[in-house]
Amino acid sequence: MIGYYAHHQGSGHVQRARCIAARLAEPTTILTSAPVGASRDGFADHVALADDARDPVHGDPTAGGVLHWAPPGHAGLRRRMATIAAWIERARPSVMVVDVSVEVTALCRAMGVPVVVVAMHGDRTDRAHRLGYDLADALLACWPAEFADPTWPAHWTAKTSFTGAFSRFDGRTAAPRSGGRRRVAVLLGAGGTDVGAAQVAAATAATPDWDWDVLGGSAGWRADPCPVLRDADVVVTHAGENAVAEVAAARTPAVVVPQARPHGEQAAAADLLERAGLAVVRRTWPPPEAWPALLADAAAADGQAWARWCPGDGADRAARCIAEVAERSRTCAPR
């Protein structure tokens, strides 16, 4: 059995887990407080963790900067960790994938379970991230090796599997774009957005030659946004890993506006995309008068260049990395 801890913020962590689990020969249990769906599609089992967001916080949740979230006496944290520990004792997993939590990484490794940690963009040199990445038996970086962070310690890079980006849309056959009026798809995030409906409305009004579709945010979600992304001439998106991976899989030119996130995660991802010439990047939502030229510039790009970022086999590479750590675990186990 493989265990997969998925963080509850946004939808990308569970989406990534589902992509990888579908390619693992060994059954996978997802442990999360995020919605998974009644079908548990892709997972052998689902361990629902308590949502502790409403529990009061007292004292220093960082333990002096060594951790990210371990408030003293916090009942919700205690319940979550007890549930994970009980599952480990019961299921005896060959490996735990942690996406993402330093505290869960430390718990699993302290219980003798090898851990594959999903790495993230941004500055991860704080004490807590150093602890988590140092404890990891392997790191998964869901971007290509050509974009490896040169500031990482050598021992992190040595144990990293650079998979390239991947999404649930990899491998789908692309239908020809429908033609007609030019289309913009706006992809807003489930993990919070800095962009409001009024800003999108102003950009729409400033570009009467374009039709705009909004996915996420107050506009609601679509079960399958892939056709909208693929039929668009330009996608406007934040720089979350899953969102960028879905746009890249659609091979659609993009305008990327990074959102404020801890550790500069989205800003760092946007920097990479801009330096590689894979997307038009703006640090903040542009004013209405900038959008006609901005969309024209983005639409002129070759969407097939996204293959550098999202080669199409990233989930297979991630599954192979996890399977190799699991096999090493079985080889080292007492007989």
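Quick caveat: nothing in here was measured; it's all calculated off a predicted structure.

**What about the overall build of the protein chain?**
Secondary structure summary: the protein chain contains eleven helices and twelve strands in total. Rg of the C-alpha trace for the protein chain: 20 Å, near the compact-globule value of 20 Å for 335 residues, within the 12% margin. Reported as C-alpha extents along the three principal axes, the dimensions of the protein chain are approximately 65 × 45 × 40 Å. Within the protein chain, contacts between residues at least 6 apart in sequence are counted, and of these 63% link residues at least 24 apart. Summing over all exposed atoms, the protein chain offers an accessible surface of approximately 14,600 Å²; the carbon and sulfur share of this is 55%. Taking the average place of the 34 positive charges on the side chains of the protein chain and the average place of its 36 negative ones, the gap between the two points comes to 4 Å.

**A look at the pairing of strand β8 (residues 182–187)**
Sheet topology note: the β8/strand β9 (residues 210–215) ladder contains six bridges and is parallel. Bridging across to β9, Arg182 finds its partner in Trp210.

**Focus on the packing of helix α3 (residues 102–110) against helix α4 (residues 127–135)**
When two helices pack together, their arrangement is given by the angle between the helix axes and the distance between those axes. α4 packs onto α3 with a crossing angle of 40 degrees between their chain directions and a minimal axis gap of 9 Å. The interaxial crossing formed by α3 with α4 has left-handed handedness. Contact residues: Val102, Thr105, Ala106 and Arg109 in α3; Ala128, His129, Leu131, Gly132 and Leu135 in α4. In terms of residue class, the contact of α3 with α4 is made up of five nonpolar, three polar and one charged.

**Topic: the environment of Ala110**
Summarising the element assignment, Ala110 is placed in helix α3. The class of Ala110 is exposed, set by a relative accessible area of 67%.

**Let's talk about unusual backbone geometry**
Cis geometry is found at the peptide bond from Asp99 to Val100, where omega equals 0 degrees. Note on placement: Val100 falls in the loop between β4 (95–99) and α3. Here Ala63, not a glycine, exhibits a phi torsion of approximately 50 degrees, which is positive. Taking relative accessible area as the criterion, Ala63 reaches 45% and is therefore assigned partly exposed. The phi dihedral of His263 is positive, around 65 degrees, even though this residue is not glycine. By secondary structure assignment, the location of His263 is in the loop between β11 (254–256) and α9 (265–276).

**Considerations on the environment of Trp221**
Within the secondary structure layout, Trp221 lies in the loop between β9 and α7 (226–231). A relative accessible area of 52% places Trp221 in the exposed class. Between the C-alpha atoms of Trp221 and Leu187, which are 34 residues apart in sequence, the distance is 9.8 Å.

**Some details on the side chain of Gln259**
Within the fold, Gln259 resides in the loop between β11 and α9. A distance of 3.4 Å separates a polar atom in the side chain of Gln259 from the backbone oxygen of Val257.

**Observations concerning helix α2 (residues 75–91)**
For α2, with 17 residues, the first-to-last C-alpha span of 24 Å sits near the 24 Å given by 1.5 Å per residue. Of all the residues in α2, the buried ones are Gly76, Leu77, Arg80, Met81, Ile84, Trp87 and Ile88. All buried residues of α2 lie within an arc of 130 degrees about the axis, which places them on one face of the element. Structural note: α2 exposes Arg78 and Arg90 on the side pointing more than 90 degrees away from its buried face. Residues of α2 that are buried sit in contact with β1 (2–6), β2 (28–32), β3 (45–48), β4 and α3.

**Quick notes on the packing of aromatic side chains**
Taken as a whole, this structure holds seven aromatic pairs when the rule is applied. Note on Tyr133 and Trp152: the rings are 6.0 Å apart at their centroids and 70 degrees apart in plane angle, and the pair reads as edge-to-face. Taken together, the residues span a long stretch of sequence, with Tyr133 in helix α4 and Trp152 in the loop between β6 (138–141) and α5 (154–158) at a distance of 19 residues. The residues Tyr133 and Trp152 share a single accessibility class, namely buried. Residues Trp212 and Trp291 carry aromatic rings whose centres are separated by 5.5 Å and whose planes lie at 75 degrees to one another, so their mutual orientation is edge-to-face. In this pair, Trp212 is assigned in strand β9 and Trp291 in helix α10 (residues 291–299), connecting sequence segments 79 residues apart. On the accessibility criterion, Trp212 (13% relative accessible area) is buried. Judged by relative accessible area, Trp291 falls into the buried class, the value being 0%. The structure contains a cluster of three or more aromatic residues connected by ring pairs, namely Tyr133, Trp143, Trp152 and Trp156.

**Thoughts on the sheet that holds strand β10 (residues 234–237)**
Overall, parallel pairing links the five strands, which are arranged β9-β8-β10-β11-β12 in an open sheet. What marks the edges here is a single partner per strand, and that holds for β9 and β12 (280–281). The strands that helix α8 (residues 241–250) touches are β8, β10 and β11; relative to β10, the one it contacts most, it runs at about 175 degrees.

**Things to note about the pattern of salt bridges**
Oppositely charged side chains may form a pair once their charged atoms are brought near each other. In total, this model carries 16 salt bridges according to the counting rule given. With its nearest N and O atoms 3.6 Å apart, the salt bridge here joins Arg109 to Asp137. In this pair, Arg109 sits in helix α3 while Asp137 sits in the loop between α4 and β6, placing the two residues 28 residues apart along the sequence. The partly exposed category is assigned to Asp137, whose relative accessible area is 29%. For Arg317, the salt bridge identified is with Asp313, shortest N-O distance 3.2 Å. Residues participating in the shared-partner salt-bridge network are Arg181, Arg183, Asp211 and Asp213.

Conventions we followed
- Residues numbered from 1 in each chain as written.
- Predicted model: local features only at pLDDT ≥ 70, side-chain atom pairs only at ≥ 80, totals over all residues.
- Heavy atoms only, no water.
- Helix = DSSP H or I, 4+ residues; strand = E, 2+ residues; numbered from the N terminus.
- Rg over C-alpha atoms; globule rule 2.2 N^0.38 Å.
- Contact = heavy atoms within 4.5 Å.
- Areas by Shrake-Rupley, 256 points an atom, 1.4 Å probe, with all protein chains shown as cover.
- Lys, Arg positive; Asp, Glu negative; His and termini not counted.
- Charge placed at Lys NZ, Arg CZ, Asp CG, Glu CD.
- Pairing = 2+ DSSP bridges.
- Axes fitted to C-alpha atoms, helices over the stretch in contact; angles between N-to-C directions.
- Left-handed = near helix turned anticlockwise from the far one by under 90°.
- Nonpolar A, V, L, I, M, F, W, Y, C, P; charged D, E, K, R; others polar.
- Buried < 20%, exposed > 50% of the residue type's maximum accessible area, 1.4 Å probe, protein only.
- Polar contact = N/O pair within 3.5 Å; in protein donor to acceptor, adjacent residues only side chain to side chain.
- Expected span 1.5 Å × (residues − 1).
- Arc of directions from axis to C-beta.
- Phe/Tyr/Trp six-rings, centres within 6.5 Å; stacked < 30°, edge-to-face > 60°.
- Salt bridge = Lys/Arg side-chain N within 4 Å of Asp/Glu carboxyl O.

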